[in-house]
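Coordinate analysis (summary)
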Amino acid sequence: MLEEALEHLVKGIVEHPGDVRVRGRRIRTGRVLEVRVHPEDLGKVIGRNGRTAKALRTVITALADGKYVRVDLVDLDEAR
């Protein structure tokens, strides 16, 4: 559920929504959600002074219902 919500939010921000990928994995303390976007869209997802990324993390943390969730942003060039 968290992956789908995060993917929906990020796709609404970027110019290349087809390149958005969200992958979730479990860690001992909770979950990590990796968001991969087109290199041209990374700045939009991060936002000025990180405000957009912080807002996305705040929404996902609220949806996580008290469980630990970390959101990592990765552009497609670094992922390869």
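As annotated in an unreviewed UniProt entry, the protein carries the name RNA-binding protein KhpA and comes from Planotetraspora thailandica. Check the Sequence similarities (unreviewed entry) section of the UniProt entry for the protein; it says "Belongs to the KhpA RNA-binding protein family."

**A short note on unusual backbone geometry**
In this structure, Asn-49 takes a positive phi of about 55° despite not being glycine. Of note, the phi angle at Asp-65 is positive, near 60°, even though the residue is not glycine. The topology assignment puts Asp-65 in the loop between α3 (51–63) and β3 (68–75). When its relative accessible area of 63% is taken as the criterion, Asp-65 is described as exposed.

**Observations regarding a nonpolar patch on the surface**
On the surface, a cluster of nonpolar side chains totalling about 350 Å² of accessible area is made up of Met-1, Leu-9, Val-59 and Leu-63. Its location among the elements puts Leu-9 in helix α1 (residues 2–11). By relative accessible area, which is 32% here, Leu-9 ends up partly exposed.

**Regarding the packing of α1 against α3**
The description of two helices packed together rests on the angle between their axes and the distance between the axes. Packing of α1 against α3 brings their axes to within 10 Å, and their N-to-C directions diverge by 155°. Here α3 runs roughly antiparallel to α1, going by the angle between their axes. When you trace α1 past α3, the crossing you get is right-handed. Contacts between α1 and α3 involve Leu-2, Ala-5, Leu-6, Leu-9 and Val-10 on the former and, on the latter, Leu-56, Val-59, Ile-60 and Leu-63. Across the contact of α1 with α3, the residue classes break down as nine nonpolar, no polar and no charged.

**Details of the pattern of salt bridges**
For the coordinates displayed, the defined rule picks out six salt bridges. Put simply, Arg-70 and Asp-72 hold a salt bridge, and the shortest N to O gap is 3.1 Å. Each of Arg-25, Glu-34 and Arg-36 takes part in a single network of salt bridges with overlapping partners.

**Considerations on the pairing of strand β2 (residues 30–37)**
Of all eight residues that make up β2, seven are buried, and the element is covered over most of its length. Pairing geometry for strand β1 (residues 21–27) and β2, over seven bridges, is antiparallel. Within β2, the position partnered with Arg-26 by the bridge is Arg-31. With antiparallel pairing between neighbouring strands as the criterion, β1 and β2 make up a hairpin whose turn holds two residues.

Rules used throughout
Residues numbered from 1 in each chain as written. Predicted model: local features only at pLDDT ≥ 70, side-chain atom pairs only at ≥ 80, totals over all residues. Heavy atoms only, no water. UniProt positions renumbered as here; feature names shortened; annotations may be inferred. Helix = DSSP H or I, 4+ residues; strand = E, 2+ residues; numbered from the N terminus. Buried < 20%, exposed > 50% of the residue type's maximum accessible area, 1.4 Å probe, protein only. Patch = residues over 30% accessible without salt bridge, like charges linked within 9 Å, V, L, I, M, F, W, Y side chains within 5 Å. Areas by Shrake-Rupley, 256 points an atom, 1.4 Å probe, with all protein chains shown as cover. Salt bridge = Lys/Arg side-chain N within 4 Å of Asp/Glu carboxyl O. Axes fitted to C-alpha atoms, helices over the stretch in contact; angles between N-to-C directions. Parallel < 35°, antiparallel > 145°, perpendicular 65-115°, else oblique. Left-handed = near helix turned anticlockwise from the far one by under 90°. Contact = heavy atoms within 4.5 Å. Nonpolar A, V, L, I, M, F, W, Y, C, P; charged D, E, K, R; others polar. Pairing = 2+ DSSP bridges.

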